[in-house]
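# Examining the three-dimensional arrangement
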Amino acid sequence: MKKIYLDHGATTQANPDVLEAMLPYFSEFYGNPSSIHSFGRETKKALEEAREKVAAGIGAEPREIIFTSGGTESDNIAIRGAARALQKKGNHLITSSVEHHAVLDACLALKEEGYELTVLPVDEYGMVSVKDVEAAITNKTILISIMMANNEVGTVMPVAEIGKMARERGITFHTDAVQAIGLLPLNVNDLYCDLLSLSAHKFYGPKGVGILYVRKGTKLDVFNFGGAQERKMRPGTENVPGIIGMGKAVEVAVADREKRSARISSLRDKLIQGLLKIEDTRLNGHPEQRLPGNVNVSVKYVEGESMILSLDLKGIAASSGSACTSGSLDPSHVLIAMGLDHQLAHGSLRMTLGTDNTEEEIDYVLAVMPEIVARLRSMSSVYASSKKE
Amino acid sequence: MYTGKVMEHFTNPRNVGEIENADGVGEVGNMKCGDIMRIYIKVNDQDVIEDVKFRTFGCGAAIATSSVVTEMVKGKKLDEALEITNKKVAEELGGLPENKMHCSNLAADALHKAIEDLKNKRNKE
């Protein structure tokens, strides 16, 4: 059976050039970059070259790049580190209700420790309002963390405006840009951010490696102790093959970004238009301010996991914000924050497109979806009830 | 994550639909959790379940447990049907993932509610 991968928001396949760049660093060049002998010097040089590539890709200085184990660790180091470092200045944090749990839960943990926390609402499209951010700022605000683009519904946030506002007021600004790189223009200076998180496996790099951009002069406390790697902000022997791969992945992601985004956006629009032709469906997320690869629809009267299983039987990989797929008893906090009722949240279907998808694949998905929905609705207790009313 | 038998029932569910003028109807679950199961039964004078049908909004486990419980009770006497528990339904499917045991494994409860509904109706007659 033909397999179609529409879950690039979860992870992506490593680019062949990325894999090729990594391979020698498992067995041929295996020195510890901290060692001063030739083995160590070889990998140290490659590590610093990767840092230069990453920095160049996002408009940063190489010394502002910290290698981490991924987006979650980057978010935690940024939020906990900044909040702790700035506690003499104030104790108020601002974030949004649709952040990834790595950000949201890190902020909630700080609240437990006594920090004041404002969790901003979003509108029906999942958008944070700049005015709401402004209104929430007090003279105690030390950190604002708003994601660049939402991972579930693809809404692209006004982070540059928020960043500018934070900069003018001397407030540290962090953005989780994990979903954005390679798809949206990304330059740390244009975004006015002090801290920015990235994860290699979301942009055709390897898993288990990420980036935290730390603008020169940004104060961060550390809470992991060990060696002097990554200027002590992320101690521990570096994941050298991963970092080499990520350096290549940033290079690839930034080159041809506009062409790639345009191609993926046109597939996305075709898929959205086709899915919305199915009766009683709605688009989740912003119709225009949207990640190029993100499709998120709610299919009324049908539960998400049953759609994922049915699609999987047809070779199509997708995801959902239903409770069954969120790993908890509640549906997606993002969809609930946007005001969706529980039925629509449980009935959400996310398809995230990537560089490997083709128009034929979209045609196939659109050919099988109506029958999947019809079959599940024929079994659905709520569909039967609604049609009687 | 699901057993082959769960997937088989999900793909080819038995006894989907509803029974007009059913002798008993039972519904369990709620939209907050994302599972709503409804079971219809037709029972003859000898207390034998002659026909049973279901309609379910829910995940793969919710659909498969609904389907298999209809298969387990069809042709059974009411008191035998009352002995079927959620745990037995899960066992019949070769087991369910741990996180599904509580939220989506309610088909026996729906069946018991349908039998309760039948008894209430009989008492009124």
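Conventions used here
Residues numbered from 1 in each chain as written. Chains lettered and ligands numbered in written order. Predicted model: local features only at pLDDT ≥ 70, side-chain atom pairs only at ≥ 80, totals over all residues. Heavy atoms only, no water. Helix = DSSP H or I, 4+ residues; strand = E, 2+ residues; numbered from the N terminus. Rg over C-alpha atoms; globule rule 2.2 N^0.38 Å. Buried < 20%, exposed > 50% of the residue type's maximum accessible area, 1.4 Å probe, protein only. Contact = heavy atoms within 4.5 Å. Lys, Arg positive; Asp, Glu negative; His and termini not counted. Charge placed at Lys NZ, Arg CZ, Asp CG, Glu CD. Salt bridge = Lys/Arg side-chain N within 4 Å of Asp/Glu carboxyl O. Expected span 1.5 Å × (residues − 1). Bend = angle between axes of the 7 residues up to and from the residue. Core = buried A, V, L, I, M, F, W, Y, C linked by side-chain atoms within 4.5 Å. Axes fitted to C-alpha atoms, helices over the stretch in contact; angles between N-to-C directions. Parallel < 35°, antiparallel > 145°, perpendicular 65-115°, else oblique. Left-handed = near helix turned anticlockwise from the far one by under 90°. Buried area = accessible area lost by both parts, 1.4 Å probe. Nonpolar A, V, L, I, M, F, W, Y, C, P; charged D, E, K, R; others polar. Pairing = 2+ DSSP bridges. Right-handed = clockwise from strand over helix to strand, strands pointing away.

## Observations regarding the overall build of chain A
- Summing up its helical and strand segments, chain A has 15 helices and twelve strands in all.
- Against the globule reference of 21 Å for 389 residues, chain A gives a C-alpha radius of gyration of 22 Å, in line with a compact fold.
- Expressed along its principal axes, the backbone C-alpha trace of chain A runs to roughly 75 × 55 × 35 Å.
- Here chain A holds 389 residues, and the buried ones make up 58% of them.
- Taking contacts inside chain A between residues at least 6 apart in sequence as the whole, the part at least 24 apart equals 72%.
- Distance from the positive charge centre (43 side chains) to the negative charge centre (49 side chains) of chain A: 3 Å.

## Describing the pattern of salt bridges
Residue and element names in this part refer to chain A.
- Using the criterion set out here, one finds 28 salt bridges over all chains in the structure.
- Notably, a salt bridge pairs E251 with K53, separated by 4.0 Å at the nearest N-O pair. Taken as a pair, E251 in helix α8 (residues 240-254) and K53 in helix α3 (residues 38-58) lie far apart in primary sequence, 198 residues in all.
- For K53, a relative accessible area of 34% gives the class partly exposed.
- Salt-bridge contacts for K270 lead to E359; the nearest nitrogen and oxygen are separated by 3.0 Å. Here the residue K270 occupies a position in helix α9 (residues 257-275), and E359 occupies one in helix α14 (residues 359-379), the gap between them amounting to 89 residues.

## Side note on α14 of chain A
Residue and element names in this part refer to chain A.
- Its 21 residues place the ends of α14 31 Å apart at the C-alpha level, agreeing with the 30 Å of an ideal helix rising 1.5 Å per residue.
- The largest bend along α14 reaches roughly 25° and is located at V368, with the proline P370 sitting one to four residues downstream.
- Taken as a whole, α14 has its buried residues at E361, I362, V365, V368, M369, I372, V373, L376, R377 and M379.

## Section: the nonpolar core
- Of all hydrophobic cores here, the largest spans 66 residues; its most connected members are L349, M351 and M369 of chain A together with I39 and I41 of chain B.
- M351 of chain A has contacts with L6, L271, L275, G293, N294, V295, L311, A318 and V365 of chain A, leaving out every residue within four places of it along the chain.
- Ranked by size, the runner-up nonpolar core spans 65 residues in total, among them V54, V130, A149 and L344 of chain A.

## Describing the packing of helix α10 (residues 304-313) of chain A against α14 of chain A
All names here are of chain A.
- The interhelical angle for the contact between α10 and α14, taken along N-to-C directions, is 135°, at an axis separation of 10 Å. Relative to α14, α10 is oriented oblique. Crossing of α10 against α14: the hand is right-handed. Residue-level inspection shows S306, M307, S310 and L311 of α10 in contact with α14, the latter providing M369, I372, R375 and L376.

## With respect to the interface of chain B and chain A
- Taken together, the 25 residues of chain B in the interface contact 26 residues of chain A.
- Between chain B and chain A lies a buried interface of about 2,000 Å² when both sides are counted; carbon and sulfur atoms form 62% of it.
- Per-residue buried area on chain B facing chain A is highest for F10, K32 and F57 of chain B; these three make up 29% of the total on that side.
- On the surface where chain B and chain A come into contact, there are two salt bridges.
- Taken together, the elements giving at least two residues each to the side of chain B that touches chain A come down to α1 (4-11), β2 (35-43), β3 (49-57), α2 (60-73) and α5 (100-103) of chain B.
- By residue class, the composition of the side of chain B that touches chain A is 14 nonpolar, six polar and five charged.

## Considerations on the sheet that holds β3 of chain B
Residue and element names in this part refer to chain B.
- In space, the three strands of this open sheet follow the order β1-β2-β3, with antiparallel pairing throughout. The open sheet is flanked by β1 (24-30) and β3, the only strands paired with a single partner. Going across the sheet, the axis of each strand differs from the next one's by a mean of 10°, ignoring polarity.
- Direction of pairing for β1 relative to β2: antiparallel, over a ladder of seven bridges. Bridge pairing links G24 to I41 in β2.
- Contacts between α2 and the sheet are confined to β2 and β3, with β3 contributing the most and set at about 180° to the helix.

## Things to note about the side chain of S380 of chain A
- Along the polypeptide, S380 of chain A turns up in the loop between α14 and α15 (381-388).
- Setting aside residues up to four positions removed in sequence, S380 of chain A forms contacts with Y301 of chain A together with R55, T56 and F57 of chain B.

## As for the pairing of strand β4 (residues 116-120) of chain A
Residues and elements named next belong to chain A.
- Note that strand β3 (residues 92-96) and β4 share five bridges and pair parallel. Residue pairing in the sheet places I94 in a bridge with T118 of β4.
- The handedness of the β3 to β4 crossover, carried by helix α5 (residues 101-112), is right-handed.

## Some details on the packing of α2 of chain B against helix α6 (residues 107-124) of chain B
Residue and element names in this part refer to chain B.
- One can describe the packing of α2 onto α6 by two numbers: an axis separation of 8 Å at closest approach and a directional angle of 50°. Classed by the angle they form, the pair α2 and α6 counts as oblique. Regarding α2 and α6, the two cross each other, and that crossing is right-handed. Contact residues: T65, S66, V69 and V73 in α2; A107, A108 and L111 in α6.
- Partitioning the contact of α2 with α6 into residue classes produces five nonpolar, two polar and no charged.

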